[in-house]
Amino acid sequence: MTQYAASVGEQDSVDLKHEICTYLKQYVAKPEAAPDPHEILAEFPISTFLTTNYDNFMLQALNRAQGGQKSPRASTSTWWDGNADEPRILDPTPDEPLVYHLHGSWDDPASLVLTEDDYLNYLVNMVDWQASQSRRPLPTCVLGAMTASPLLFVGYSLQDWNFRVLFHGLIRAIPPNMKRRHVSVQLMPDLDGKVPDAQAKAQHYMERYLDGWNISIFIGTTEDFFRELLDRM
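Residues numbered from 1 in each chain as written. Predicted model: local features only at pLDDT ≥ 70, side-chain atom pairs only at ≥ 80, totals over all residues. Heavy atoms only, no water.

Moving on, we come to the packing of aromatic side chains. With the rule as written, the count across this model stands at 3 aromatic pairs. Ring geometry for Phe225 against Phe226: centres 5.1 Å apart, planes inclined by 90°, an arrangement best described as edge-to-face. As far as burial versus exposure is concerned, Phe225 and Phe226 are alike and both buried. Through a chain of ring-to-ring contacts, the aromatic side chains of Phe218, Phe225 and Phe226 assemble into a single cluster. (Phe/Tyr/Trp six-rings, centres within 6.5 Å; stacked < 30°, edge-to-face > 60°. Buried < 20%, exposed > 50% of the residue type's maximum accessible area, 1.4 Å probe, protein only.)

Here it is as structure tokens:
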């Protein structure tokens, strides 16, 4: 839809991104009985938060965490410039965590990975770096967090090609004995009710497929996951 709007509309893609950011900022999360993932994660001693969302909800939650004792920072990828190196960022800590926007931030509308052209350019820049090693697509501390730390994927489809290219490219160079075990919260795909044991077969496939990436899965909603996490804590 956004590719269509940018291609046949009277406004260019940057104007479209500004309009979408203005639209998104009108909506404020309503208090709900369900646990808020941002608020829960903000209380953990985590140094680096990676997001493909445009909003600043994670940053806001970190500012409120532990009575405002944390000093979070936010940074955004410069994916659109294939020649520019990513800015150097001081190594984050649990007291000074980093929120890194992989696909842009609504505070900088031009940075959004939004249209089909944007996604293609994003992936090309990642592949070019893997091929030539001419520039790092991500800051050193973010690359370190993605390749040397266990990751928790929430609200993300591991079937998205943009993620698969990035993740595979980064973990390819890691020796097998150094690879960490990750966790992903996953919903079951739409199933054909006519197939016997469809859910069990689908779950078995997902577990085997993602285990090849060193990813364990939690089958259920984000709400289910965080309720169980709080119970276990």
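More follows now that the structure is in view.
Now for unusual backbone geometry. The phi dihedral of Gln66 falls on the positive side, at around 50°, and the residue is not glycine. Relative to the elements of secondary structure, Gln66 occurs in the loop between α4 (57-64) and β2 (73-76). The exposure class of Gln66 is partly exposed, given its relative accessible area of 38%. (Helix = DSSP H or I, 4+ residues; strand = E, 2+ residues; numbered from the N terminus.)

Inspection of every chain in the model, using the stated rule, returns 6 salt bridges. Between Asp118 and Lys17 there is a salt bridge; the shortest N-O distance is 3.0 Å. Separated by 101 residues along the polypeptide, Asp118 in helix α5 (residues 116-132) and Lys17 in helix α2 (residues 13-24) bring together distant segments of the chain. In this structure Asp118 comes out as buried when scored by relative accessible area, which is 8%. (Salt bridge = Lys/Arg side-chain N within 4 Å of Asp/Glu carboxyl O.)

A word on the side chain of Lys70. Within the secondary structure, Lys70 sits in the loop between α4 and β2. Although Lys70 lies buried, it forms no salt bridge, and the closest oppositely charged side chain, Glu43, sits 6.2 Å away as judged by the N-O distance. Polar side-chain contacts of Lys70 include one of 3.0 Å to the backbone oxygen of Phe44. With sequence-adjacent residues up to four places away left out, Lys70 is seen in contact with Ala42, Glu43, Phe44, Leu62, Ala65, Pro94, Asp95 and Pro97. (Lys, Arg positive; Asp, Glu negative; His and termini not counted. Polar contact = N/O pair within 3.5 Å; in protein donor to acceptor, adjacent residues only side chain to side chain. Contact = heavy atoms within 4.5 Å.)

Turning our attention to the side chain of Ser75. Mapped onto the elements of the fold, Ser75 is located in strand β2. Look at Ser75 and you get buried, because its relative accessible area is 15%. If we ignore the near neighbours within four places in the chain, the residues touching Ser75 are Ile89, Leu98, Val99, Tyr100 and His101.

Right, let's get into the sheet that holds strand β3 (residues 98-101). Pairing is parallel across the open sheet formed by 3 strands, whose spatial order is β1-β3-β2. Two strands in the sheet have a free side with no partner beyond their single neighbour: β1 (48-51) and β2. Direction aside, the axes of adjacent strands within the sheet are offset by 20° on average. As paired elements, β2 and β3 share 4 bridges and run parallel to each other. Considered in β3, the bridge of Thr76 is made with His101. (Pairing = 2+ DSSP bridges. Axes fitted to C-alpha atoms, helices over the stretch in contact; angles between N-to-C directions.)

As for its position among the elements, Tyr119 is in helix α5. Overall, Tyr119 belongs to the partly exposed group, its relative accessible area being 27%. Put simply, Tyr119 and Trp79 are 40 residues apart on the chain and 9.8 Å apart in space, counted from C-alpha to C-alpha.

With that settled, consider the sheet that holds strand β6 (residues 215-219). Ordered by their spatial adjacency, 3 strands build an open sheet running β4-β5-β6, and the pairing between neighbours is parallel. Since the sheet does not close on itself, it has two edges, and those belong to β4 (152-153) and β6, each with one partner. Sheet topology note: the β4/strand β5 (residues 182-186) ladder contains 2 bridges and is parallel. Paired with Phe153 across the strands is Ser184, a residue of β5. Along the sheet, helix α8 (residues 198-211) contacts β5 and β6; its crossing angle with β6, the most-contacted strand, is approximately 150°. Running at roughly 100° to β6, helix α9 (residues 222-232) makes contact with β4, β5 and β6 of the sheet.

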